[in-house]
Amino acid sequence: MIKLPLGCVVRDLKTHDDDRGNLTEIFRQEWDAGIEPVQWNFVRSQANVLRGVHVHVIHSDYLVCLEGTLVLALSDIRPESPTHGMATTVTLKGSKMQAALVPPGVAHGFHFPEVSSLCYSVSHYWNTVDEIGCRWDDPALGLDWDIRDPALSPRDTTAGSAAEMTQQYLAVRAQMSASRA
Ligand SMILES: Cc1cn([C@H]2C[C@H](O)[C@@H](COP(=O)(O)OP(=O)(O)O[C@H]3O[C@@H](C)C(=O)[C@@H](O)[C@H]3O)O2)c(=O)[nH]c1=O
């Protein structure tokens, strides 16, 4: 079994095939899914698109690859985490549906080797304060990407180092807990 950073979960989903196609439940509130979604996003990506690497202070992501392939890269930057520094990649396929949960503090990138569709929910509404990122190929992330020249957004192209991302993550986290106190 693949080892994941603490709080990350990959769950197999049951697909019901018949002559018409198939049906898969991708989320049930009664599941212990680790998230109460408030927003759902649908994302289409061309082949060799990479989104990230991003980390969030506030929200968790619950991801289901609907078509194609998602290579989900995970790197735990939470200093207090027992799995701090753990980095790994998990491949989710539309042909064998699975759901992945990524909690705050686990930096992540989505690589799509082929044209793909991703559906994901978040535990808190989109908020740019919670969109912290770094260069996808910074070796400090410990990620073993096997890709070349991925297509990136302008934001991801000009993103800083993993060390800067961690600093910003910790600063935003401290601000959030000070404002809650
Ligand atoms: C994430 C998001 C973006 N947007 C808009 C902003 C922009 O115009 C357009 C594309 O946004 P982005 O370039 O930020 O999308 P993207 O680079 O795909 O951002 C996502 O990356 C992955 C790795 C994650 O972890 C997500 O939480 C999110 O950060 O969609 C929304 O309206 N709502 C949203 O929830």
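Located above this text is the structure these notes cover.
Since we're looking at a predicted model, the values are computed, not measured.

> I tried to follow the overall build of the protein on my own but got confused; where do I start?
Helices and strands together make up the secondary structure of the protein, namely two helices and twelve strands. In the protein, the order of α-helices and β-strands from amino to carboxyl end is β-β-β-β-β-β-β-β-β-β-β-β-α-α. Rg of the C-alpha trace for the protein: 16 Å, near the compact-globule value of 16 Å for 181 residues, within the 12% margin. For the C-alpha atoms alone, the extent of the protein along its principal axes is close to 55 × 40 × 30 Å. Counting only residues that meet the buried cut, the protein has 45% of its 181 residues in that class.

> I'm lost on the pairing of strand β8 (residues 87-93) in this one. Help?
Look at any regular strand and the pattern is simple: side chains alternate between the two faces of the sheet. The two faces of β8 differ: Thr88, Val90 and Leu92 on one face are buried, but Ala87, Thr89, Thr91 and Lys93 on the other face are not. In this sheet, β8 lies alongside strand β7 (residues 69-76) in antiparallel orientation, the contact comprising seven bridges. Bridge pairing in β8 links Ser75 to Ala87.

> Is there a simple way to explain the sheet that holds strand β5 (residues 49-55) in this structure?
Paired through their backbone hydrogen bonds, the strands of a sheet run either parallel or antiparallel. One open sheet holds the five strands; their spatial order is β8-β7-β10-β5-β12, and the pairing between them is antiparallel. Looking at the sheet topology across the chains shown, the edges are occupied by β8 and β12 (132-133). Note: β7 against strand β10 (residues 106-112), six bridges, orientation antiparallel. Within β10, the residue paired with Ser75 across the bridge is Ala107.

> Please explain the side chain of Thr24 as it appears in this structure.
Secondary-structure assignment places Thr24 in strand β3 (residues 21-24). Residue Thr24 is classed as buried on the basis of its relative accessible area of 17%. Among the polar contacts listed, one links the side chain of Thr24 to the side chain of Thr15, at a separation of 2.8 Å. Ignoring anything within four residues of it in the chain, the contact list for Thr24 reads Leu13, Lys14, Thr15 and Met97.

> How should the sheet that holds strand β1 (residues 9-12) be read in this particular structure?
The strand order β1-β9-β6-β11-β4 describes an open sheet built from five strands, whose pairing is antiparallel. Of all the strands in the sheet, the pair left with one neighbour each is β1 and β4 (39-45). Between one strand axis and the next, the sheet turns by 20° as a mean value, whatever way the strands run. In terms of strand pairing, β1 meets strand β9 (residues 98-102) through four bridges, oriented antiparallel. In the sheet register, Arg11 faces β9, and the bridge partner there is Ala99.

> Is there a simple way to think about the environment of Val102 in this case?
Inspection of the secondary structure assignment puts Val102 in strand β9. For the pair formed by Val102 and Asp12, sequence separation is 90 residues and the distance between their alpha carbons is 15 Å. Those residues in contact with Val102 that lie beyond four places of it in its chain are Cys8, Ser60, Asp61, Leu63, Leu72, Leu74 and His108.

> Any chance you could explain the site of the ligand here in plain terms?
Lining the immediate environment of the ligand, one finds 13 residues, of which Gln39, Arg51, His54, His108 and Glu131 sit closest. The side chain of Asn41 places a nitrogen or oxygen atom 3.2 Å from an oxygen atom of the ligand. In this structure, an oxygen atom belonging to the ligand sits 2.6 Å away from a side-chain N or O atom of His108. At the level of secondary structure, the elements contributing two or more residues to the shell around the ligand comprise β4, β5 and β10. Grouping the amino acids of the shell around the ligand by side-chain chemistry returns three nonpolar, six polar and four charged.

Basis of the calculations
- Residues numbered from 1 in each chain as written.
- Predicted model: local features only at pLDDT ≥ 70, side-chain atom pairs only at ≥ 80, totals over all residues.
- Heavy atoms only, no water.
- Helix = DSSP H or I, 4+ residues; strand = E, 2+ residues; numbered from the N terminus.
- Rg over C-alpha atoms; globule rule 2.2 N^0.38 Å.
- Buried < 20%, exposed > 50% of the residue type's maximum accessible area, 1.4 Å probe, protein only.
- Pairing = 2+ DSSP bridges.
- Polar contact = N/O pair within 3.5 Å; in protein donor to acceptor, adjacent residues only side chain to side chain.
- Contact = heavy atoms within 4.5 Å.
- Axes fitted to C-alpha atoms, helices over the stretch in contact; angles between N-to-C directions.
- Near = heavy atom within 4 Å.
- Nonpolar A, V, L, I, M, F, W, Y, C, P; charged D, E, K, R; others polar.

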